[in-house]
Amino acid sequence: MDQFYKRSDRDSYHSWCKSCKHESGKSWHSRNKERHAELTSRWYEQNKDQHLENSKNWYEQNKHRKLQTTNAREERLRNATPTWVSNAELQEFYAEARRLTELTGIAFEVDHIIPVTNKKVSGLNVPQNLQVIPAYENRRKANKLVGLD
């Protein structure tokens, strides 16, 4: 019975197997992206404390995975940075993000306009491809090339 999810409301299992349920969810999400974003945002606003607690617990149990993804991201950035780019030029963007965060109380981050890794195109880690934007905008954009994804 490990191919089926256990029901929380009674001592039985759901009728769809985990694989079918997963495919159904992916299909619904692809047809209802705006609705999904709305529902996710609403849930987050109503459950911020629970979400933060869940995130802390996950991190404590998965530090090795977080370290692995952090190292992989740093490697991607190193590979996307041409030798002619000065680290000082790049650091100016991160300093500006910190300055704006302190000034406004809103978290700012450095965004790659053209993502370093994307299915359609890969951008470079160069000043011309960087912008400082609010963190929530950067997280919403994720690894998408706005306008083409």
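Residues numbered from 1 in each chain as written. Predicted model: local features only at pLDDT ≥ 70, side-chain atom pairs only at ≥ 80, totals over all residues. Heavy atoms only, no water.

### Structural notes on the state of the cysteines
Tallying each qualifying case throughout the model produces zero disulfides. Left without a disulfide partner, Cys 20 is nearest to the cysteine sulfur of Cys 17, which lies 3.2 Å away. Judged by its relative accessible area of 43%, Cys 20 is partly exposed. (Disulfide = S-S within 2.5 Å. Buried < 20%, exposed > 50% of the residue type's maximum accessible area, 1.4 Å probe, protein only.)

### Concerning the layout of surface pockets
Size it by volume and the largest pocket reaches roughly 1,000 Å³. Those elements giving two or more residues to the lining of the largest pocket turn out to be helix H3 (48-61), helix H4 (63-79), strand S3 (108-112) and helix H6 (135-141). In terms of residues, the lining of the largest pocket owes the most to one element, H4, which gives six residues. Partitioned by chemical class, the residues of the lining of the largest pocket number eight nonpolar, eight polar and seven charged. Size it by volume and the second largest pocket reaches roughly 840 Å³. Around the second largest pocket, the lining is made up of 19 residues, and of these Ala 37, Arg 139, Arg 140, Lys 141 and Lys 144 lie nearest the centre. When residues of the lining of the second largest pocket are traced back to their parent elements, those giving at least two are helix H2 (33-46) and H6. By residue number, the principal contributor to the lining of the second largest pocket is H2, which donates seven residues. Of the residues in the lining of the second largest pocket, the class split is three nonpolar, six polar and ten charged. (1 Å grid on protein atoms, 1.4 Å probe; cavity = no way out; pocket = protein on both sides within 12 Å on 5 of 7 lines; lining within 4 Å. Points joined across faces, edges and corners; volume = space filled by probe spheres on them. Helix = DSSP H or I, 4+ residues; strand = E, 2+ residues; numbered from the N terminus. Nonpolar A, V, L, I, M, F, W, Y, C, P; charged D, E, K, R; others polar.)

The quantities given are spatial measurements derived from coordinates; they are silent on function.
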